[in-house]
Amino acid sequence: MQESLDWNELRLALAIARAGSLAGAARALSVSHATVFRRLKTLEARLGVALFERDRGGYTATVAGDDLAEAAVRVEQEVLGVQRRVAGRDLRPSGTVRLTTTDTLFEGLLAPVLAECRRAYPDIDLEIAISNEPFNLTRRQADMAIRPIAKPPEALIARRLGRVALAVYAAADAGEPAPPKRNWLGLDDSVSFPALETWMARHAERSACRFRMDSLLGLRAAVRSGAGQAVLPCYLADDDPALARLAPPIEEVATDLWLLIHPDLRKVARIRAVRDVIVGALARAAVQKRLAGESPDQ
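The structure presented is a predicted model; accordingly, all values stated were derived computationally and were not measured.

### Some remarks on the sheet that holds strand β10 (residues 230-233)
Line of reasoning, step 1. The antiparallel open sheet is built from three strands, whose spatial order is β10-β7-β11. Each having just a single partner strand, β10 and β11 (243-245) make up the two edges of the open sheet. In this sheet, neighbouring strand axes are inclined to one another by 55 degrees on average, regardless of whether the strands run parallel or antiparallel.

### Some thoughts on the packing of helix α5 (residues 103-120) against helix α7 (residues 216-224)
Line of reasoning, step 1. Look at α5 against α7: their axes get within 8 Å of each other, and the N-to-C directions meet at 70 degrees. Viewed along their axes, α5 and α7 adopt a mutual orientation that is roughly perpendicular. Within the contact between the two elements, α5 uses D103, T104 and E107 and α7 uses L216, L217 and R220.
Line of reasoning, step 2. Among the residues forming the contact of α5 with α7, the class breakdown is two nonpolar, one polar and three charged.

### Brief notes about the pairing of strand β3 (residues 95-101)
Residues in a regular strand project their side chains so that they alternate between the two faces of the sheet.
Line of reasoning, step 1. Of the strand pairs in this sheet, β3 and strand β4 (residues 124-130) are connected by seven bridges, and their pairing is parallel. Residue pairing for β4: G95 is matched across the bridge by I124.
Line of reasoning, step 2. Where the polypeptide runs from β3 across α5 and back to β4, its parallel neighbour, the crossover connection is right-handed.

### Observations concerning the nonpolar core
Line of reasoning, step 1. Membership of the largest hydrophobic core comes to 58 residues, with the highest contact counts inside it found for L109, M144, I146, V231, L257, I278 and L282.
Line of reasoning, step 2. The biggest single contributor to this core is helix α9 (residues 269-282), with eight residues.
Line of reasoning, step 3. When near neighbours in sequence (up to four residues on either side) are disregarded, V231 contacts L166, A167, V168, W184, L196, W199, M200, L216, L219 and I250.
Line of reasoning, step 4. A25, V36, F52 and A69 belong to the second largest nonpolar core, which has 19 residues in total.

### A word on the pattern of salt bridges
Line of reasoning, step 1. Enumeration over the complete set of coordinates arrives at 15 salt bridges.
Line of reasoning, step 2. Here E9 makes a salt bridge to R46, at a shortest N to O gap of 2.6 Å. One end of the pair, E9, is in helix α1 (residues 7-19); the other, R46, is in helix α3 (residues 33-47), and 37 residues separate them in sequence.
Line of reasoning, step 3. Owing to a relative accessible area of 27%, R46 belongs among the partly exposed residues under this scheme.
Line of reasoning, step 4. Note that D238 and R245 form a salt bridge whose closest N and O atoms lie 2.6 Å from each other.
Line of reasoning, step 5. Here D238 falls in the partly exposed class, since its relative accessible area comes to 33%.
Line of reasoning, step 6. Look at the salt bridges and you will find they share partners, linking R160, R163, E251 and D256 into a network.

### Structural notes on the side chain of T101
Line of reasoning, step 1. Positionally, T101 belongs in strand β3.
Line of reasoning, step 2. When its relative accessible area of 0% is taken as the criterion, T101 is described as buried.
Line of reasoning, step 3. The contact partners of T101, leaving out residues within four places of it in the chain, are F106, L110, A129, I130, S131, I146 and R147.

### Remarks on the side chain of T102
Line of reasoning, step 1. Residue placement: T102 occurs in the loop between β3 and α5.
Line of reasoning, step 2. Among residues more than four places away in sequence, those in contact with T102 are I130, S131, N132, I146, R147 and P148.

### Regarding α7
Along an α-helix, a turn takes 3.6 residues, which lines up residues three or four apart on a common side.
Line of reasoning, step 1. Among all positions in α7, only L216, L217, L219, R220, A222 and V223 are buried.
Line of reasoning, step 2. Where α7 ends, the next residue or the one after it, G226, has phi of about 90 degrees, a positive value.

### Some words on the packing of aromatic side chains
Line of reasoning, step 1. The full count for this structure, using the stated rule, is two aromatic pairs.
Line of reasoning, step 2. Taken together, a centroid distance of 6.5 Å and an interplanar angle of 55 degrees make the contact between F52 and Y59 tilted. Y59 matches F52 in its accessibility class, with the two residues each being buried.
Line of reasoning, step 3. Arranged with centres 5.8 Å apart and planes meeting at 75 degrees, the rings of W184 and W199 form a pair that is edge-to-face.

### Notes on the packing of helix α2 (residues 22-29) against α3
Line of reasoning, step 1. Packing of α2 against α3 leaves a shortest axis separation of 8 Å and a crossing angle of 105 degrees. As far as their axial angle goes, α3 and α2 are roughly perpendicular. Taking contact as the criterion, the partners of L22, A23, A25 and A26 in α2 are, on α3, H33, V36, F37 and L40.
Line of reasoning, step 2. Split by residue class, the contact of α2 with α3 holds seven nonpolar, one polar and no charged.

### Details of the environment of A269
Line of reasoning, step 1. Checked against the element boundaries, A269 lands in helix α9.
Line of reasoning, step 2. Given a relative accessible area of 6%, A269 falls into the buried group.
Line of reasoning, step 3. On a C-alpha basis, the gap between A269 and G95 in space is 9.5 Å, while along the polypeptide they are 174 residues apart.

Quick notes on the rules
Residues numbered from 1 in each chain as written. Predicted model: local features only at pLDDT ≥ 70, side-chain atom pairs only at ≥ 80, totals over all residues. Heavy atoms only, no water. Pairing = 2+ DSSP bridges. Helix = DSSP H or I, 4+ residues; strand = E, 2+ residues; numbered from the N terminus. Axes fitted to C-alpha atoms, helices over the stretch in contact; angles between N-to-C directions. Parallel < 35°, antiparallel > 145°, perpendicular 65-115°, else oblique. Contact = heavy atoms within 4.5 Å. Nonpolar A, V, L, I, M, F, W, Y, C, P; charged D, E, K, R; others polar. Right-handed = clockwise from strand over helix to strand, strands pointing away. Core = buried A, V, L, I, M, F, W, Y, C linked by side-chain atoms within 4.5 Å. Buried < 20%, exposed > 50% of the residue type's maximum accessible area, 1.4 Å probe, protein only. Salt bridge = Lys/Arg side-chain N within 4 Å of Asp/Glu carboxyl O. Phe/Tyr/Trp six-rings, centres within 6.5 Å; stacked < 30°, edge-to-face > 60°.

Structure representation (structure tokens):
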């Protein structure tokens, strides 16, 4: 081989291996399908070896393709690491911070906190990715994440923000609460919440839970409409006059709330600034009581 491989060629092989198709690789690389096809043909011709086998199921890496993709993963980690370390030399609280969190947390808790952050640091641009799917901080899909999880990943810097309590709620004008095994609303199988699934299995027959969805905000709206009762986060439901709590918070489904940051970003001024505003705001006694499902006078 006369010429060495460059990073763009490694990225191409890795994108195709990850996506299993040219269309998926094109989306990942922000280029056209035709461009990916042409670059792959050129690369295979230059190397004198087939990197992928084509069939109706898509593109499957050959032994050579696997070798190239594995090398690309190692290079990618080095490139991303350099980017994070260079970003860490930024000493001014300015630039862009990309944060990911859930729709429920944003509406019920974080919207005013992030507005406070913008007022405190007008030179920092906030990008908020509202998603119930986990983002990969290692690959810089986001700079920080706020998530309710049982155990934070060991590779990330994790700051515990509080404990999220959940309880059973019904519409405030629904009259007498429904019998325990009737008119339950719940989350569908696309939402991973093992503790709640276990609790629901004990307290609500699956046949009695015939209204399911993939969103806690949607679940709250359904409860408001009088469709039935459901387990909701107390910080989201207690302040809603259209809802009534039927019982104390359920300890078995309480979940810790974490702020997650990649270690290479911990010294970046803009990251520290946003982190400190969030941590300070959520540490306030009134907010901690909301998270724990306590009344303000408790």
